[in-house]
Amino acid sequence: MAEDRETGVLSTAKKTASVLKEFGSRLTRKKFVDTDVMETNLRRCLNTADITMLAIGHMIGSGVYVLTATVAKNMAGPAIVIAFLFSGFASFLAALCYAELGVRYPRSGSAYSYTYLALGELWAFLVGWNVALEHVIGAAAISRACSAYIDSLAGGTISNATETAIGTIHVPFISERLDFLAFGILILFTVCLSFGVRMTSYLNNVFSVANLIVIVTIVCVGAYFADTSNWTNPATGGFMPFGWSGVLAASASCFYAYVGFDSIASSGEEAKDPQKSIPRATMISMGIATTTYVAVATVLTLMVNYQDIHDDSGLPDALASHGAHWAKIVVIVGAVSGMATGIIGSLFALTRVIYVMADDGLLFAFCSNVNTKTKIPLGAMYIFASLSALMTLTLDINTLVEVMSIGTLFAYLVVSASVIILRYRANLGPKDDSQELSSIGSSTEKIEDIGAGELKARFQMLRTYLDWCPGRLVTTCVLSFVIFTFLTCGFVVGCSSSIANGSWWSIIILVVLLFCTISCFVVITLHQQSNTPLRYKVPLVPLIPALSIVVNAVLLVNLQAATWLRLVIWVAVGLSMYFSYGLGHSKLDATSPKSTLLKPGVSQLPTWGSLEREPSFDASKKTEHSSDKGKHLFQSSLSKEFLVDNVDTSP
């Protein structure tokens, strides 16, 4: 009896372990490209200039008019100039990584799609969900700032009328008054964008040109009224009144100003020549945006003392304080134009991310429906634009910006890690994950990655100790590098006083954490990279992506605890949707021969045969053995160019 009981316990334990292993493999299943990535149900009609202007409008429209005043007053003072330089450098590192992945996979979805290729489904959902939050909040914050500028031009009559009719609200994180004008602005642009991507591009280009003209006006007039005492007055703290901690905190929030280059990646499925346009648009837009932010922040903090800056309409009020009332009107008109481009960029990128997630089955199917006439996923646009409109009606700008920054930094970090993982990954299946080269170019021959992900020849003696599958050790080291980087940054921030005082225990812990972090990086460099040619590649891999990871980690740990709490709540909502809906409706589930045979309503977990198949999986053969329903789902999906990569199930 005892032996039978022990045998039963062992059998149950094995079954449980097997189920958990299969479930974990299901969460980390990956995609790889297996057809022409230029195929799409959307309309490829954007050239390099269109994409560049889309990014410039998105970045400059949001950052200059929404962020500069509030961050300068509350976080950094005149040192906001340094904060913009630091966040611009960090964003540039991330932009390089985005550009390579945009060339590898020129589709909508941006960081979400890249993570699906590199890390797997669960990580992809988390990134996509946070990118969606980034754009939902971006559209809401810009609409509210646009409303404040229009109200300033009207002498405050709109806000006064609202307060008289409804009164004020005194609730934490909620605006004191409902902003119906901002609500109406967002709804108006949602309607305009419903007419198609050409209309979107035309509106964006017109508003962007007007915005750039006004930026030049701001810098010239502001330089005329500049007073260097606003940077040097010791009574107000001088140039850096909040210290370096304030600069780092401001840099984290200033990432909000650079989210526009994400629009470049999101436009990959509507670009005529994405492999050429994406890298060029990224470099040009980042350079123009950084120059603009630094110039505007400089003249703003030189015109008035940072303590006297108005949160909602800092630039026009600063000019008016010097008697330049005509300039105030010009700035407000230009600001409205600039913020219009920011709203357009946010709604554009938001719609594409939600569309791709829904098309993959991770969000509700109606969000992936593309209008046959306009080629726009209107369901995705209307649902999430409505959520953004409710936020802009009720929440204040500071709350919106703080929540947005953390989602942006998280996405940047994951994309940087994905570049390293994909560079060292061996072939993913019958075709390389860079198959878009053969589908866009003239050659259709497969280019093999000889030794990709394996130890370099001069380090082959280490195979005795590190004999892992090609690419697996690199993936593990990248994840370990991220973890140790976070631990190191968090420890430095939390125990900065002990480290500064030279406490022996703090020095030992810091040295150990640094050693582990550097060791992970060194192990990565011992491996061979993929030799598949791309029209653009990030230089100095793995150094550039690793620097991007470090900078993003530094900024993340400097965000406020309340911001992390809000992110946790948002992620919890997303995970509940994923496990209750997305996990079972994923299009990768439809490729499993066993899962397609399950009857509707059966709660039993399927045996995921797709997790056991060989890497030489042939989609055309596999669907012959699946049910008609499963075959129909697979062939009709826009995601059919993807097949699951289950050779490497590491996260």
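About the criteria used
Residues numbered from 1 in each chain as written. Predicted model: local features only at pLDDT ≥ 70, side-chain atom pairs only at ≥ 80, totals over all residues. Heavy atoms only, no water. UniProt positions renumbered as here; feature names shortened; annotations may be inferred. Axes fitted to C-alpha atoms, helices over the stretch in contact; angles between N-to-C directions. Helix = DSSP H or I, 4+ residues; strand = E, 2+ residues; numbered from the N terminus. Parallel < 35°, antiparallel > 145°, perpendicular 65-115°, else oblique. Left-handed = near helix turned anticlockwise from the far one by under 90°. Contact = heavy atoms within 4.5 Å. Nonpolar A, V, L, I, M, F, W, Y, C, P; charged D, E, K, R; others polar. pLDDT = per-residue confidence, 0-100. Expected span 1.5 Å × (residues − 1). Buried < 20%, exposed > 50% of the residue type's maximum accessible area, 1.4 Å probe, protein only. Salt bridge = Lys/Arg side-chain N within 4 Å of Asp/Glu carboxyl O. Patch = residues over 30% accessible without salt bridge, like charges linked within 9 Å, V, L, I, M, F, W, Y side chains within 5 Å. Areas by Shrake-Rupley, 256 points an atom, 1.4 Å probe, with all protein chains shown as cover. Phe/Tyr/Trp six-rings, centres within 6.5 Å; stacked < 30°, edge-to-face > 60°.

- The name recorded for the protein chain in an unreviewed UniProt entry is Cationic amino acid transporter C-terminal domain-containing protein, from Larinioides sclopetarius.
- A UniProt comment under Subcellular location (unreviewed entry) is attached to the protein chain, and it reads "Membrane".

### Quick word on the packing of helix 7 (residues 180-193) against helix 14 (residues 325-359)
Then, number 1: Interhelical geometry of helix 7 versus helix 14 gives an angle of 60 degrees and a closest axis separation of 10 Å. Viewed along their axes, helix 7 and helix 14 adopt a mutual orientation that is oblique. At the point where helix 7 passes helix 14, the crossing takes the right-handed sense. Contacts from I185, L186, F189, T190 and L193 of helix 7 reach helix 14 at A340, I343, I344, L347 and F348.
Then, number 2: Within the contact of helix 7 with helix 14, the residues separate by chemical class into nine nonpolar, one polar and no charged.

### Looking at the confidence of the model for the protein chain
Then, number 1: Averaged over all residues, the pLDDT of the protein chain is 78; the fraction at 70 or higher stands at 81%.
Then, number 2: Mean pLDDT across the elements of the protein chain bottoms out in helix 17 (residues 436-440) (34) and peaks in helix 20 (residues 504-525) (94).
Then, number 3: Confidence drops under a pLDDT of 50 for residues 428-448, and excluding neighbours within four residues, the segment shows 53 contacts in the predicted structure.
Then, number 4: Confidence drops under pLDDT 50 across residues 592-651; counting only partners more than four residues distant or on other chains, this segment forms 116 contacts.

### Remarks on helix 5 (residues 121-153)
Then, number 1: In this model, helix 5 (33 residues) spans 48 Å end to end at C-alpha, consistent with the 48 Å of a helix rising 1.5 Å per residue.
Then, number 2: Judged by how many residues are buried, helix 5 sits mostly within the fold: 29 of 33 residues are covered.
Then, number 3: Positive backbone phi, at 75 degrees, marks G155, one or two positions downstream of helix 5.

### Observations concerning the pattern of salt bridges
Then, number 1: Scanning all chains against the criterion turns up six salt bridges.
Then, number 2: The closest approach of N and O atoms between E121 and R29, which form a salt bridge, is 3.0 Å. Remark: R29 occurs in the loop between helix 1 (2-27) and strand 1 (30-33) and E121 occurs in helix 5; sequence separation between them is 92 residues.
Then, number 3: Judged by relative accessible area, R29 falls into the buried class, the value being 2%.

### Description of a nonpolar patch on the surface
Then, number 1: Together, I187, V191, F195, M199, Y202 and V206 give the surface a local cluster of nonpolar side chains, amounting to about 590 Å² of exposed area.
Then, number 2: For the nonpolar patch, the secondary-structure elements that each account for two or more residues are helix 7 and helix 8 (197-224).
Then, number 3: Looking at the nonpolar patch, the element that brings in the most residues is helix 8, giving three residues.
Then, number 4: Take F195: it is sitting in the loop between helix 7 and helix 8.
Then, number 5: Judged by its relative accessible area of 60%, F195 is exposed.

### Quick look at the packing of aromatic side chains
Then, number 1: A full pass over the atoms with the stated rule returns 16 aromatic pairs.
Then, number 2: On the basis of an interplanar angle of 35 degrees and a centroid distance of 5.1 Å, the ring pair of F125 and Y578 is categorised as tilted. On the criterion of sequence distance, the pair formed by F125 in helix 5 and Y578 in helix 22 (residues 561-585) is long-range, its members being 453 residues apart.
Then, number 3: When its relative accessible area of 0% is taken as the criterion, F125 is described as buried.
Then, number 4: A relative accessible area of 0% places Y578 in the buried class.
Then, number 5: Clustering of aromatic rings is evident, with ring pairs tying together F125, W129, W570, Y578 and F579.

### Here's the deal with unusual backbone geometry
Then, number 1: Geometrically, the link from V541 to P542 is a cis peptide bond, its omega value of 10 degrees lying close to zero.
Then, number 2: Backbone geometry places K375, a non-glycine residue, at a positive phi of 60 degrees.
Then, number 3: With respect to the helices, strands and loops of the structure, K375 is situated in the loop between helix 14 and helix 15 (378-394).
Then, number 4: Residue classification places K375 among the partly exposed positions, given a relative accessible area of 26%.

### Quick look at the environment of C477
Then, number 1: Tracing the backbone through its elements, the reader meets C477 in helix 18 (residues 472-494).
Then, number 2: Assessed through its relative accessible area of 8%, C477 is described here as buried.
Then, number 3: Sequence-wise, C477 and V522 are 45 residues apart; in three dimensions their C-alpha atoms are separated by 9.3 Å.
Then, number 4: Not counting chain neighbours up to four residues away, the residues in contact with C477 comprise C520, V523 and I524.

### Description of the side chain of T517
Then, number 1: Relative to the helices and strands, T517 is located in helix 20.
Then, number 2: If near-sequence neighbours (up to four positions away) are discounted, T517 is found in contact with F481, F484, T485 and T488.

### Remarks on the environment of D311
Then, number 1: Relative to the elements of secondary structure, D311 occurs in the loop between helix 12 (274-303) and helix 13 (314-320).
Then, number 2: Look at D311 and you get partly exposed, because its relative accessible area is 26%.
Then, number 3: Distance from D311 to A72, taken between C-alpha atoms, is 9.1 Å for residues 239 residues apart in sequence.
Then, number 4: Contacts of D311, omitting those with residues within four sequence positions, involve A69, T70, K73 and N74.

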